[in-house]
Amino acid sequence: MANPAGTSPTGTGLTGKRALVLGGSRGIGAAIVERLTAEGAETTFTYAGSAAAAEALAEKTGAKTLQADSADKAAVDAVIAGLESLDILVVNAGVAALGDALEMDPAEVDRMIDINVRGPYHAAVEAARHMPAGGRIVIIGSVNGDRMPFAGGAAYALTKSAVQGMVRGLARDLGPRGITVNNVQPGPVDTDMNPADGPMKDQMHAFMAIRRHAEPSEVAGMVAYLVGPEAGIVTGAQHTIDGGFGA
Ligand code: NDP
């Protein structure tokens, strides 16, 4: 589907910067990889299971790809250690386990917390050790960190609310080093996780002022601003891009 916003971003605002995107093989992460490479960043991205998609994206964009489970701190640490330098970290990897809280498998909930909460926290801290002043960290949260208007999302919402507190605190810790830390909170975005023609679309659109799913490229545009040269004073903040879902 064409980007409804009609944007066709290209630029060189990130030339000379080295970026790492955790979870870049599909969906929003893939759009972020496309945008960062288009802006000139030398980009590496990880994936969990989608090797073919990751390799196709690497081929298309010139980015480098590595398999690393975001729940595995040692694996992510090794990816970071393997980079010569690091200016930009985007933690996009995330899963959405939804269902009746009384019926859900606790192991599935814990796995989601490992990927959506422990993963971003440890990756951000480890990345900061390798970043010079001017470094940028962005975590992809969700408007569900602010608003969970339907049943079945308690555990997912808790992971995305955790991202909010994480960026506030890390911004304080890393500000003195000249590193910014921000949370991008999408509403419904057309990806494998939440297809625009999925069974919950009408329910989701009913909560929105602009009643459509976003395109992944629209979220990538917000990320590109936050990791770019104009956003040096933007930190510790939640940046919602949700068609008014949370309004
Ligand atoms: P998708 O399921 O379409 O893609 C998820 C991406 O994350 C894939 O590249 C996947 O890799 C990667 N990933 C998942 N788990 C891991 C892991 N353990 N280790 C490494 N990589 C992993 O999701 P979206 O693009 O829709 O979502 C991306 C982010 O945006 C998530 O954090 C999600 O919570 C958030 N979000 C999404 C919304 C939506 O409506 N789509 C709304 C609000 C927030 P692989 O392909 O290898 O599995």
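For every chain, the first residue of the written sequence is number 1, and numbering continues from 1 onward in sequence order. Confidence filtering applies because this is a predicted model: local features only for residues at pLDDT of at least 70, side-chain atom pairs given and counted only at 80 or more, and all residues used for totals across whole chains, interfaces and linings. Only hydrogens and water are set aside when side-chain values are computed; all heavy atoms of the structure are taken into account.

K.L.:
Explain the overall build of the protein chain residue by residue, including any values.
P.N.:
Every helix listed is a DSSP run of H or I at least four residues long, and every strand listed is a run of E at least two residues long, numbered separately from the N terminus. Helix and strand counts for the protein chain stand at 7 helices and 7 strands. Counting helices and strands in the order they occur from the N terminus, the protein chain gives β-α-β-α-β-α-β-α-β-α-β-α-α-β. What the globule rule says is 2.2 Å times the number of residues to the power 0.38, and the radius of gyration is computed from C-alpha atoms. Over its C-alpha trace the protein chain gives a radius of gyration of 17 Å, about what one expects of a compact globule, namely 18 Å for 247 residues. Seen through its principal axes, the protein chain has C-alpha atoms that stretch 45 × 40 × 35 Å.

K.L.:
Break down the nonpolar core for me, with residues and values.
P.N.:
Residue types Ala, Val, Leu, Ile, Met, Phe, Trp, Tyr and Cys, when buried and joined through side-chain atoms within 4.5 Å, form a set referred to as a nonpolar core. In this scheme, a residue with accessible area under 20% of its type's maximum is buried, one over 50% is exposed, and one in between is partly exposed, where area comes from a 1.4 Å probe on protein chains only. In this structure, Leu 20, Leu 89 and Ile 137 are the most contacted members of the largest nonpolar core, which totals 33 residues. For this core, the secondary structure elements donating two or more residues are strand S1 (18–22), helix H3 (73–81), strand S4 (88–91), helix H4 (106–130), strand S5 (136–140) and helix H5 (154–174). The contact criterion used throughout is that any non-hydrogen atoms of two residues lie within 4.5 Å. Setting aside anything within four residues of it in sequence, one finds Ile 137 in contact with Leu 89, Ala 124, Met 131, Leu 174, Ile 179, Thr 180, Val 181 and Asn 182. Core analysis: the next-biggest nonpolar cluster, separate from the first, contains 31 residues, Ala 30, Ala 58, Ala 63 and Ala 231 among them.

K.L.:
Describe helix H2 (residues 51–61), with residues and values.
P.N.:
Those residues of H2 that sit buried are Ala 54, Leu 57 and Ala 58. Here the buried residues of H2 occupy an arc of 100° about the axis, which is enough to place them on one side. Exposed side chains of H2 directed beyond 90 degrees from the buried face belong to Ala 52, Glu 59 and Lys 60. In this structure, the buried side of H2 is in contact with helix H1 (27–38), strand S2 (42–47) and strand S3 (64–67). Of the residues flanking the end of H2, it is Gly 62, one or two places downstream, whose phi is positive at about 85°. Directions from the helix axis toward the C-beta atoms define the arc.

K.L.:
Lay out the pattern of salt bridges in plain terms, naming residues and giving numbers.
P.N.:
We define a salt bridge as a side-chain nitrogen of Lys or Arg found within 4 Å of a carboxyl oxygen belonging to Asp or Glu. Enumeration according to the criterion identifies 11 salt bridges in this entry. Between Lys 60 and Glu 34 there is a salt bridge, and its shortest N-O distance comes to 3.0 Å. Note that Lys 60 is positioned in helix H2 and Glu 34 in helix H1, a separation of 26 residues in sequence. When its relative accessible area of 59% is taken as the criterion, Lys 60 is described as exposed. A salt bridge links Asp 202 to Lys 201, with the shortest nitrogen-to-oxygen separation between them at 3.2 Å. When its relative accessible area of 54% is taken as the criterion, Asp 202 is described as exposed. Among the ionic contacts, a cluster of salt bridges with common partners joins Arg 18, Glu 42 and Glu 84.

K.L.:
Describe empty space enclosed by the protein, listing the residues and the values that go with them.
P.N.:
Here a cavity denotes grid points, spaced 1 Å and computed from the protein atoms alone, that fit a 1.4 Å probe unable to get out, and a pocket denotes an open set having protein on both sides within 12 Å along at least 5 of 7 lines; residues with an atom within 4 Å of a point are the lining. Grid points are joined across faces, edges and corners, and a volume is the space filled by probe spheres set on the points. Under the definition given, this model contains 1 cavity of 30 Å³ or more. Computed from the structure, the largest cavity encloses a volume of approximately 30 Å³. Contributing to the lining of the largest cavity are Val 91, Ala 93, Asn 116, Pro 120, Ile 139, Ile 140, Lys 160 and Val 163. Going through the elements one at a time, H4, S5 and H5 are the ones with two or more residues in the lining of the largest cavity. Note on residue categories: nonpolar means Ala, Val, Leu, Ile, Met, Phe, Trp, Tyr, Cys or Pro, charged means Asp, Glu, Lys or Arg, and polar means any other residue, Gly included. Across the lining of the largest cavity, the residue classes tally to 6 nonpolar, 1 polar and 1 charged.

K.L.:
Which residues make up the site of the ligand, and what values do they have?
P.N.:
Any residue with a heavy atom lying within 4 Å of a molecule or strand is counted as near it. Around the ligand sit 32 residues, and of these Ser 25, Arg 26, Gly 49, Ser 50 and Thr 191 come closest. One of the backbone nitrogen or oxygen atoms of Asn 92 is found 2.9 Å away from an oxygen atom of the ligand. In this structure, an oxygen atom belonging to the ligand sits 2.9 Å away from a main-chain N or O atom of Val 189. Notes on the ligand: free accessible area 890 Å², of which the protein chains cover 94%. A molecule is said to occupy a pocket when more than half its atoms come within 2 Å of that pocket's grid points, and by this definition the ligand occupies the largest pocket. Where the shell around the ligand is concerned, the elements lending two or more residues are H1, H4 and H5. Counted by class, the shell around the ligand contains 13 nonpolar, 14 polar and 5 charged residues. Side-chain atoms alone can form a polar contact between residues adjacent in sequence; in general such a contact is a pair of N or O atoms within 3.5 Å, and within protein one must be able to donate a hydrogen while the other accepts it. Surface exposure here means Shrake-Rupley accessible area, sampled with a 1.4 Å probe, where a residue is shielded only by the protein chains that are shown. Assignment of a molecule to a cavity or pocket requires that more than half of its atoms lie within 2 Å of the corresponding grid points.

K.L.:
How would you sum up the packing of H4 against H5? Please name residues and give values.
P.N.:
Working note: a packed helix pair is described by the angle between its axes plus the distance between those axes. Angular values range over 0 to 180 degrees, each being the angle between N-to-C directions of two axes fitted as lines to C-alpha atoms, with helices fitted over their stretch in contact. Running from amino to carboxyl end, H4 crosses H5 at an angle of 10°, the nearest separation of the two axes being 10 Å. Accordingly, the angle class assigned to the pair H4 and H5 is roughly parallel. Note on packing geometry: the crossing formed by H4 with H5 is right-handed. Across from Val 109, Met 112, Ile 113, Asn 116, Val 117, Pro 120, Tyr 121, Ala 124, Val 125 and Ala 128 in H4, the residues of H5 making contact are Ala 155, Tyr 156, Leu 158, Thr 159, Lys 160, Ala 162, Val 163, Met 166, Leu 170 and Leu 174. Partitioning the contact of H4 with H5 into residue classes produces 17 nonpolar, 2 polar and 1 charged. Geometric relationships in this document are graded by angle, where less than 35 degrees denotes roughly parallel, more than 145 denotes roughly antiparallel, 65 to 115 denotes roughly perpendicular, and other angles denote oblique. Definitions for this section: a left-handed crossing has its near helix turned counterclockwise from the far helix by less than a right angle. A right-handed crossing has that turn clockwise.

K.L.:
Before we move on, can you summarise the pairing of S4 with the specific residues and values?
P.N.:
Burial along S4 is two-sided: Ile 88 and Val 90 facing one way and Leu 89 and Val 91 facing the other are all buried. Judged from the 4 bridges that link them, S4 and S5 form a sheet pairing that is parallel. The residue bridging Val 91 from the neighbouring strand is Ile 139, located in S5. Note on handedness: a clockwise path from strand one over the helix to strand two, with the strands aimed away from the viewer, defines a right-handed crossover. The parallel pair S4 and S5, bridged by H4, forms a crossover whose chirality is right-handed. In this scheme, strands are said to pair when DSSP sees at least two bridges between them.

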